[in-house]
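Observations on the three-dimensional arrangement
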There are 2 protein chains.
Amino acid sequence: MAYRPADQIVHKAAWLYYTHGLRQDEVAQRLNISRASVALYLRRAREAGIVNISTSTQLFRKDMMARRLEDALGLETVWLVGEEGLTQDPAAEIPTLAASVFLEMVKNGDRVGVAWGRTVYAIADAMAYADRQGVTVVELCGNLGSPYSYRPDQCTMEIARRLNARGLNFYAPLVLSTEELARALREEPVVREQLDGISSCDLALFTVGTLDEDSHVIKCGALGLEELHRLKKQGATGVIAGQIIDAEGAWLDCDYNRRMISADFDAIRAIPRRLMVVQEDEKFEPLLAAINGRFFTHLVLTSGMAARLIEHTDARANEHEPAKATA
Amino acid sequence: MAYRPADQIVHKAAWLYYTHGLRQDEVAQRLNISRASVALYLRRAREAGIVNISTSTQLFRKDMMARRLEDALGLETVWLVGEEGLTQDPAAEIPTLAASVFLEMVKNGDRVGVAWGRTVYAIADAMAYADRQGVTVVELCGNLGSPYSYRPDQCTMEIARRLNARGLNFYAPLVLSTEELARALREEPVVREQLDGISSCDLALFTVGTLDEDSHVIKCGALGLEELHRLKKQGATGVIAGQIIDAEGAWLDCDYNRRMISADFDAIRAIPRRLMVVQEDEKFEPLLAAINGRFFTHLVLTSGMAARLIEHTDARANEHEPAKATA
DNA sequence: CATGCGCATTGACAAAAGTCAATGCGCTGC
DNA sequence: GCAGCGCATTGACTTTTGTCAATGCGCATG
């Protein structure tokens, strides 16, 4: 490149300002130009790449990934565990982290909605005792009468206990045998009130469930194997508060969902802060569905999953704007 | 450590401010903290190296003198400080510039050899935090056990820290009391391996030392005064990685050098990019010796020294081809 | 359980940086 | 040679950032 004296002064200004830490007026004085010119040169220097301002990637790799996910998914905050090699299994740390995060999110007087699942129960179990004032914990879905160990009401009550909060259970089963019965029950005042109360929550805690033969919904008896296979053909991809969603995160219009007593998805989305916790790596597809459904605003997951998500969203971005791929 | 919300918010603030270009008040609003806190976090982020601001060193090589020196000495690149009246003492800027230049030279995956000296330590100190990947920093010479403030291993480790690199120290002293011991130690597998690893470096950073009564080698106790005088009579002119060279840049065959554990000169010369930094004007003669020894490929020095060098090489050229002097 | 200590946070003010219309200067074309 | 154009530069004003004393909060200690 030819020697352009015009660039020289831009370089000089950048050097004095960024490397030497002089103020703009000092730089101006030193170079015998106005401070306004210095400001202009500095902008040019940044734009031309003479000055590089970057946030560290390697030192804070996890944080970096979290920030990128927040941006890509439009989330409030993302927390990641793993990568650092501190524990053998990063997933094991998820409930601990999620419990801390959740505790920090609960403010006095909050109304908190809690869904159900292995992970939610593990979080409850890992949660420290805190004495919040005036907190109410409500269920986001109906109950399961089965003796299965992680019952929705247990999650709710355990979390309420840890928070020194009032726990309110749904006075209805999760799944009924007929659509008519479910519809009728939903209109019962006491149930209606509980369902309506969901959208007035300040905070929600839930996971997304998978739909495999050893999934939670199957093992707890809510859903039979043959029905599972039929639903999967219809596009069933994941489970949110007991209800089945398709790959787009939309409520799957099926007999099973219609027989369910659980939070209306719009009611869930009306809750301002919604913490999603994903522990198992198998939940990738369901998580994508949940993302599409915009079910959550805060996310706790492993860095492995985070990496897959970033890769996935990048790939999608390139699909849409292939020109950028080469840049 | 598992979950440090303190770091998280600092990183997030830095991300929003520097990567997203939000204003401090916007960041504060987003994070629900005061703007004053944002300003504080950003300062911490800069200090902790979460944010890197670096300026191109182009300015310092766009100089005619630098070009002439490159040609005259057959060097890759020369950077000059001074002349522009930017600072009162040009020498004071040498470490800053050298640090920038050096940072620009270090690529991911590089193996970097670092020698020792006041200047090298000053460079380490002035160096910005950067997050290179897979960089290894090795010592070019043995260690000094003395409590003198600029120890070789400190240089190495500090530079490694700044680069987010792995630092490897020599497991041997710089000078031993007998030649036999030095020879034996050199053949120790662990030391041998370290010595052999020098030639596989991609980049080296070092200075040339003087041999006066207040020189570094004397002050740190490696060399005694009487020995110094004896060696100077033998032609000792400068110091490279602890070892003494004569005016031609050749290894001085003396007891002192033979008692030393340090990089073989051919190993040093096998490193493709070798940055020499000369801060003090007193180092003119040693620098000439180092030039003769072809110890370096890149050079950072003051324009005052550069002028003397050009004058010197011109004079020598005229000696050899006086006819050209009149042309 | 009260007390004191230290550190994080904040509000308010001072300093610095960004912006933009007005000006000046050099260059081109007539 | 001169008018017109475009771009660099600047002063004056606004916005943004830095700073610091005051405050508050949590934590450990007596």
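Residues numbered from 1 in each chain as written. Chains lettered and ligands numbered in written order. Predicted model: local features only at pLDDT ≥ 70, side-chain atom pairs only at ≥ 80, totals over all residues. Heavy atoms only, no water.

1. Quick word on the overall build of chain A
Along the backbone of chain A there are 16 helices and 11 strands. Against the globule reference of 20 Å for 327 residues, chain A gives a C-alpha radius of gyration of 26 Å, more extended than a compact globule. Its C-alpha atoms put chain A at 85 × 45 × 40 Å along the principal axes. Among the 327 residues that make up chain A, the fraction classed as buried is 53%. Long-range contacts, defined here as pairs at least 24 residues apart, represent 68% of the contacts in chain A between residues at least 6 apart. Carbon together with sulfur atoms contributes 48% to the accessible area of chain A, which is approximately 14,900 Å² in total. Across chain A, the 37 positively charged side chains and the 45 negatively charged ones have centroids separated by 7 Å. (Helix = DSSP H or I, 4+ residues; strand = E, 2+ residues; numbered from the N terminus. Rg over C-alpha atoms; globule rule 2.2 N^0.38 Å. Buried < 20%, exposed > 50% of the residue type's maximum accessible area, 1.4 Å probe, protein only. Contact = heavy atoms within 4.5 Å. Areas by Shrake-Rupley, 256 points an atom, 1.4 Å probe, with all protein chains shown as cover. Lys, Arg positive; Asp, Glu negative; His and termini not counted. Charge placed at Lys NZ, Arg CZ, Asp CG, Glu CD.)

2. Some thoughts on the protein's contact with DNA strand D
Residues in contact with DNA strand D amount to 14 residues; listed here are only the nearest, A:Ser37, A:Tyr41, B:Arg23, B:Gln24 and B:Arg35. The share of sugar and phosphate among atoms of DNA strand D within 4 Å of the protein is 67%. In the model, a phosphate oxygen of DNA strand D is placed 2.9 Å from a nitrogen or oxygen of the A:Ser34 main chain. Separating a phosphate oxygen of DNA strand D from a side-chain N or O atom of B:Tyr17 is a distance of 3.0 Å. (Near = heavy atom within 4 Å. Polar contact = N/O pair within 3.5 Å; in protein donor to acceptor, adjacent residues only side chain to side chain.)

3. What about the environment of A:Ile261?
Residues and elements named next belong to chain A. The residue Ile261 is located in the loop between α12 (255–258) and α13 (265–269) in this model. The class for Ile261 is buried, based on a relative accessible area of 0%. Here the alpha-carbon distance between Ile261 and Gly249, two residues 12 residues apart in the chain, equals 18 Å. In this structure, Ile261 is in contact with Cys141, Gly142, Phe170, Ala172, Pro173, Leu174, Leu176, Ala182, Leu185, Arg186 and Val191, ignoring residues within four places of it in sequence.

4. Focus on the layout of surface pockets
A volume near 1,100 Å³ is recorded for the largest pocket. Along its surface, the largest pocket is lined by 39 residues, and A:Asn52, B:Asn52, B:Ile53, B:Ser54 and B:Ala128 are the ones closest to its centre. Elements with a contribution of two residues or more to the lining of the largest pocket: α1 (5–19), α3 (35–48) and β1 (51–55) of chain A together with α1 (5–19), α3 (35–48), β1 (51–55) and α5 (90–105) of chain B. (1 Å grid on protein atoms, 1.4 Å probe; cavity = no way out; pocket = protein on both sides within 12 Å on 5 of 7 lines; lining within 4 Å. Points joined across faces, edges and corners; volume = space filled by probe spheres on them.)

5. Topic: the sheet that holds strand β9 (residues 243–246) of chain A
Residue and element names in this part refer to chain A. A sheet is described by the order of its strands in space; here 3 strands give the open sequence β7-β8-β9, paired in antiparallel fashion. Across the chains shown, the open sheet's two edge strands, defined by having one partner strand only, are β7 (208–209) and β9. As judged from the 4 bridges shared by strand β8 (residues 236–240) and β9, these two strands associate in the antiparallel manner. When the bridges of β9 are listed, Ile240 appears paired with Gln243. Across the sheet, helix α14 (residues 284–292) is in contact with β7, β8 and β9; its angle to β8 comes to roughly 75°. (Pairing = 2+ DSSP bridges. Axes fitted to C-alpha atoms, helices over the stretch in contact; angles between N-to-C directions.)

6. Some details on the packing of helix α8 (residues 179–187) of chain B against helix α9 (residues 189–196) of chain B
Residues and elements named next belong to chain B. It is the contact of α8 with α9, at a shortest axis distance of 5 Å, that shows an interaxial angle of 80°. Comparing their axes, α9 and α8 come out roughly perpendicular. Contacts from Leu185, Arg186 and Glu187 of α8 reach α9 at Pro189, Val191, Arg192 and Leu195. Of the residues in the contact of α8 with α9, the class split is 4 nonpolar, no polar and 3 charged. (Parallel < 35°, antiparallel > 145°, perpendicular 65-115°, else oblique. Nonpolar A, V, L, I, M, F, W, Y, C, P; charged D, E, K, R; others polar.)

7. Topic: helix α2 (residues 24–31) of chain B
What sets the pattern is the α-helix's 3.6 residues per turn: residues three or four places apart point alike. All names here are of chain B. Within α2 the residues assigned to the buried category are Val27, Ala28 and Leu31. Buried residues along α2 cover an arc of 100° about the axis, so they all sit on one side. Looking one or two places after α2, you find Asn32, whose phi comes out positive at around 60°. (Arc of directions from axis to C-beta.)

8. Considering the pattern of salt bridges
All names here are of chain A. Counted under the stated rule, the structure contains 35 salt bridges over all chains. Among the salt bridges present, the one from Asp196 reaches Arg192, with a minimum N-O distance of 3.4 Å. One end of the pair is Asp196 and the other is Arg192, both in helix α9 (residues 189–196) and 4 residues apart, which spans about a single turn. Taken together, the shared-partner salt bridges connect Asp125, Glu158, Arg161 and Arg162 into one network. (Salt bridge = Lys/Arg side-chain N within 4 Å of Asp/Glu carboxyl O.)

9. Some thoughts on the sheet that holds strand β5 (residues 166–168) of chain A
One key point about sheets: their strands pair by backbone hydrogen bonds, in either a parallel or an antiparallel sense. Residues and elements named next belong to chain A. Spatially, β2-β11-β10-β6-β3-β4-β5 is the arrangement adopted by the 7 strands of the open sheet, whose pairing is parallel. The open sheet terminates on both sides in strands that have one partner only, identified here as β2 (77–81) and β5. Ignoring strand direction, the axes of neighbouring strands in this sheet form an average angle of 20°. With 4 bridges joining them, strand β3 (residues 111–114) and strand β4 (residues 136–139) adopt parallel strand pairing.

10. Notes on the environment of A:Cys155
Residue and element names in this part refer to chain A. Here Cys155 lies in helix α7 (residues 152–163). Cys155 gets classed as buried once you look at its relative accessible area, which sits at 0%. A sequence separation of 80 residues divides Cys155 from Gly235, and the C-alpha atoms of the two residues are 29 Å apart. Apart from the residues lying within four places of it in its own chain, the contact partners of Cys155 are Val114, Ala115, Trp116, Gly117, Val120 and Tyr121.

11. Let's talk about the state of the cysteines
All names here are of chain B. Counted under the stated rule, the structure contains 0 disulfides over all chains. Among the cysteines around Cys141, which has no disulfide bond, Cys155 carries the closest sulfur, lying 8.4 Å off. For Cys141, a relative accessible area of 0% translates into the label buried. (Disulfide = S-S within 2.5 Å.)

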